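# Architecture and fold: a report
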Amino acid sequence: MTIVYLVRHGQTVLSEKGQFCGRTDPDLSAGGAQNVRALAGWLAGESLPAQVFTSPLLRARQTARLLEAAWPPPAIEPRLRESDFGDWEGLDGDELQAHDPAGFAAWIADPVGFRPPGGESVGELCERVAEFFQEALERFADQTIAAVCHGGPIRAMVLAGLGLPLECFWHFNPPWASVSRLEVRGPVRQLRYFGQRG
């Protein structure tokens, strides 16, 4: 059996304000770091990963560093970065609707295929993340691995792991500073738990 832990980073000041934060690179907030430390304590009772991967973005790397109390140091994996929201970076929902009402309506109408101006679509995000996920499953078959990243890539790996269509992307929303566990036994794949916090 291959075990895959999917960790969402702790909160940042931008996420606490409900702002779009993809390629933007803020630090963890004090509360976000505290919640990651609590998660590290909980993870100490779980299986030890043979390899930990992290997004190159600062909030994920800081989360991975705080988890080193329980896990090995990570390798940076660029494909695990968050979705690029383009011109929408730093806006909250109300600002987005006021700033780009046509774009917001197009996003609601096609949440998988729509690409924010200067950004990437959910479909593009899922394609790059699924490529990483499949490579990792082949390379670390019957081992335990972990990915410390963001909400978007975690959703993408859950879909890839369970063979779900991209239209299910928004059905999953892992909390900040949480872990989800996928188990792969050949063709049998299970989401053992989702969004566990410390």
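Looking at an unreviewed UniProt entry, the protein chain carries the name Histidine phosphatase family protein, with the source organism given as Gloeobacter morelensis MG652769.

### Points about the overall build of the protein chain
Tallying secondary structure elements over the protein chain gives seven helices and six strands in all. What you see in the protein chain, going N to C, is helices and strands ordered as β-α-α-β-α-β-α-α-α-β-α-β-β. Here the C-alpha radius of gyration of the protein chain, 16 Å, is about what a compact globule of 198 residues would show, namely 16 Å. Residues counted as buried form 52% of the 198 residues belonging to the protein chain. Within the protein chain, contacts between residues at least 6 apart in sequence are counted, and of these 69% link residues at least 24 apart. Accessible surface for the protein chain amounts to roughly 8,700 Å². Of this, 52% is attributable to carbon and sulfur atoms. The protein chain carries 18 positive and 24 negative side-chain charges, and their two centres are separated by 7 Å.

### Points about the pattern of salt bridges
Using the criterion set out here, one finds ten salt bridges in the structure. Close ionic contact of Glu-46 with Arg-181 constitutes a salt bridge, the shortest N to O distance being 3.2 Å. Of this pair, Glu-46 sits in the loop between α2 (30-43) and β2 (51-54) while Arg-181 is found in strand β5 (residues 178-185), placing the two residues 135 residues apart along the sequence. With relative accessibility at 12%, the residue Arg-181 sits in the buried group. One network of salt bridges, in which partners are shared, links Glu-46, Arg-181, Glu-183, Arg-185 and Arg-192.

### With respect to the environment of Glu-89
For Glu-89, the position within the fold is in the loop between β3 (75-76) and α4 (93-99). The exposure class of Glu-89 is buried, given its relative accessible area of 14%. Placed 64 residues apart in sequence, Glu-89 and Asp-25 show a C-alpha to C-alpha distance of 11 Å. Residues in contact with Glu-89, not counting those within four places in the same chain, are Phe-20, Cys-21, Gly-22, Arg-23, Thr-24, Ser-83 and Asp-84. A distance of 2.5 Å separates polar atoms of two side chains, one belonging to Glu-89 and the other to Thr-24. From its side chain, Glu-89 meets the backbone nitrogen of Phe-85 in a polar contact 3.1 Å long.

### Quick word on the sheet that holds strand β4 (residues 144-149)
Hydrogen bonds along the backbone pair up the strands of a sheet, which may run parallel or antiparallel. Across the sheet, which stays open at both edges, the six strands sit in the order β3-β2-β4-β1-β5-β6 with mixed pairing between neighbours. Here the strands that pair on one side only, and so sit at the sheet edges, are β3 and β6 (188-197). Across six bridges, the pairing between strand β1 (residues 2-8) and β4 is parallel. Pairing of Leu-6 across the sheet is with Ala-147, part of β4. The sheet strands contacting α2 are β1, β5 and β6, and the helix crosses β6 at an angle near 135 degrees. Contacts from helix α3 (residues 58-66) reach β1, β2, β3 and β4 within the one sheet, and its direction differs from that of β4 by about 135 degrees.

### Describing helix α7 (residues 151-162)
A rise of 1.5 Å per residue sets the reference length of α7, with its twelve residues, at 16 Å; its end C-alpha atoms lie 17 Å apart and thus fit the reference within 8%. Among the twelve residues of α7, ten are classified as buried, and the element is accordingly described as predominantly covered. Taken as a whole, α7 has its buried residues at Gly-151, Gly-152, Pro-153, Ile-154, Arg-155, Ala-156, Met-157, Val-158, Leu-159 and Gly-161. With its phi angle positive at about 70 degrees, Gly-163 sits one or two positions after the end of α7.

### Some thoughts on the packing of helix α6 (residues 122-139) against α7
Put simply, α6 and α7 touch, their axes get as near as 9 Å, and they point 65 degrees apart. Viewed along their axes, α6 and α7 form a crossing whose handedness is right-handed. Of the residues in α7, those touching α6 at Leu-125, Cys-126, Val-129, Ala-130, Phe-132 and Phe-133 are Gly-152, Pro-153, Ala-156, Met-157, Ala-160 and Gly-161. In terms of residue class, the contact of α6 with α7 is made up of ten nonpolar, two polar and no charged.

How each quantity is defined
- Residues numbered from 1 in each chain as written.
- Predicted model: local features only at pLDDT ≥ 70, side-chain atom pairs only at ≥ 80, totals over all residues.
- Heavy atoms only, no water.
- Helix = DSSP H or I, 4+ residues; strand = E, 2+ residues; numbered from the N terminus.
- Rg over C-alpha atoms; globule rule 2.2 N^0.38 Å.
- Buried < 20%, exposed > 50% of the residue type's maximum accessible area, 1.4 Å probe, protein only.
- Contact = heavy atoms within 4.5 Å.
- Areas by Shrake-Rupley, 256 points an atom, 1.4 Å probe, with all protein chains shown as cover.
- Lys, Arg positive; Asp, Glu negative; His and termini not counted.
- Charge placed at Lys NZ, Arg CZ, Asp CG, Glu CD.
- Salt bridge = Lys/Arg side-chain N within 4 Å of Asp/Glu carboxyl O.
- Polar contact = N/O pair within 3.5 Å; in protein donor to acceptor, adjacent residues only side chain to side chain.
- Pairing = 2+ DSSP bridges.
- Axes fitted to C-alpha atoms, helices over the stretch in contact; angles between N-to-C directions.
- Expected span 1.5 Å × (residues − 1).
- Left-handed = near helix turned anticlockwise from the far one by under 90°.
- Nonpolar A, V, L, I, M, F, W, Y, C, P; charged D, E, K, R; others polar.

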